[in-house]
Amino acid sequence: MMSADDTTTRLLQELSDAKAWPARFKLELDSGSDVSHEIGEADKKIEGLEKRAKEAMKRLGCVSPQTRLIYHGMADMLINWNAFKDSLG
């Protein structure tokens, strides 16, 4: 069974990984690849990560330092993702 710290660490890593997806998709788009399906799947994963992050923050409470880390990870991921999607037109 995973501890709360392990769960938080894994969630933070997933948020960080997802933050990098737009750069990878941009490279693939720039090389002429059709990644529209992958972008759609990533969009669903982003929504899931956001939901998990919100649940974790609620569970941890507002005074936990881990809540702040999750909030910033989620915000960074969402900013990058939404900027990328906006750039698609």
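Residues numbered from 1 in each chain as written. Predicted model: local features only at pLDDT ≥ 70, side-chain atom pairs only at ≥ 80, totals over all residues. Heavy atoms only, no water.

1. Some words on the overall build of the protein
- From N to C terminus, the protein includes 4 helices and 0 strands.
- Starting at the N terminus and walking to the C terminus, you meet the elements of the protein as α-α-α-α.
- Oriented by its inertia axes, the alpha-carbon framework of the protein measures out at about 45 × 25 × 15 Å.
- For the protein, the residues scored as buried account for 29% of the 89 residues in total. (Helix = DSSP H or I, 4+ residues; strand = E, 2+ residues; numbered from the N terminus. Buried < 20%, exposed > 50% of the residue type's maximum accessible area, 1.4 Å probe, protein only.)

2. Notes on helix H2 (residues 21-30)
- Along H2, the residues that are buried comprise Trp21, Pro22 and Phe25. Seen from one end, H2 has its buried residues packed into an arc of 90 degrees, which puts them on one side. Exposed side of H2, more than 90 degrees from the buried face: Leu27 and Asp30 are the residues found there.
- Looking one or two residues beyond H2, the residue adopting positive phi is Gly32, at roughly 90 degrees. (Arc of directions from axis to C-beta.)

3. Quick word on the pattern of salt bridges
- On inspection of all chains with the given rule, the structure shows 8 salt bridges.
- The shortest N-O distance in the salt bridge between Lys26 and Asp30 comes to 3.2 Å. Within this pair, Lys26 and its partner Asp30 are both found in helix H2, separated by 4 residues, close to a single helical turn.
- Via salt bridges that share partners, Arg10, Glu14 and Arg52 belong to a single interconnected network. (Salt bridge = Lys/Arg side-chain N within 4 Å of Asp/Glu carboxyl O.)

4. Considering the packing of aromatic side chains
- What the rule picks out here adds up to 3 aromatic pairs.
- A ring pair is formed by Phe25 and Trp81, whose centres lie 6.1 Å apart and whose planes are at 65 degrees; its orientation type is edge-to-face. With Phe25 in helix H2 and Trp81 in helix H4 (residues 65-87), this pair connects stretches of sequence that are 56 residues apart.
- Residue classification places Phe25 among the buried residues on the basis of a relative accessible area of 2%.
- Its relative accessible area of 1% is what places Trp81 among the buried residues.
- Where Phe25 meets Phe84, the ring centres are 6.1 Å apart and the plane angle is 25 degrees; that geometry is what we call stacked. Linking Phe25 in helix H2 with Phe84 in helix H4, this pair joins segments that are 59 residues apart in sequence. The same class applies to Phe25 and to Phe84, which are both buried.
- Taken together, the ring pairs in this structure connect Phe25, Trp81 and Phe84 into an aromatic cluster. (Phe/Tyr/Trp six-rings, centres within 6.5 Å; stacked < 30°, edge-to-face > 60°.)

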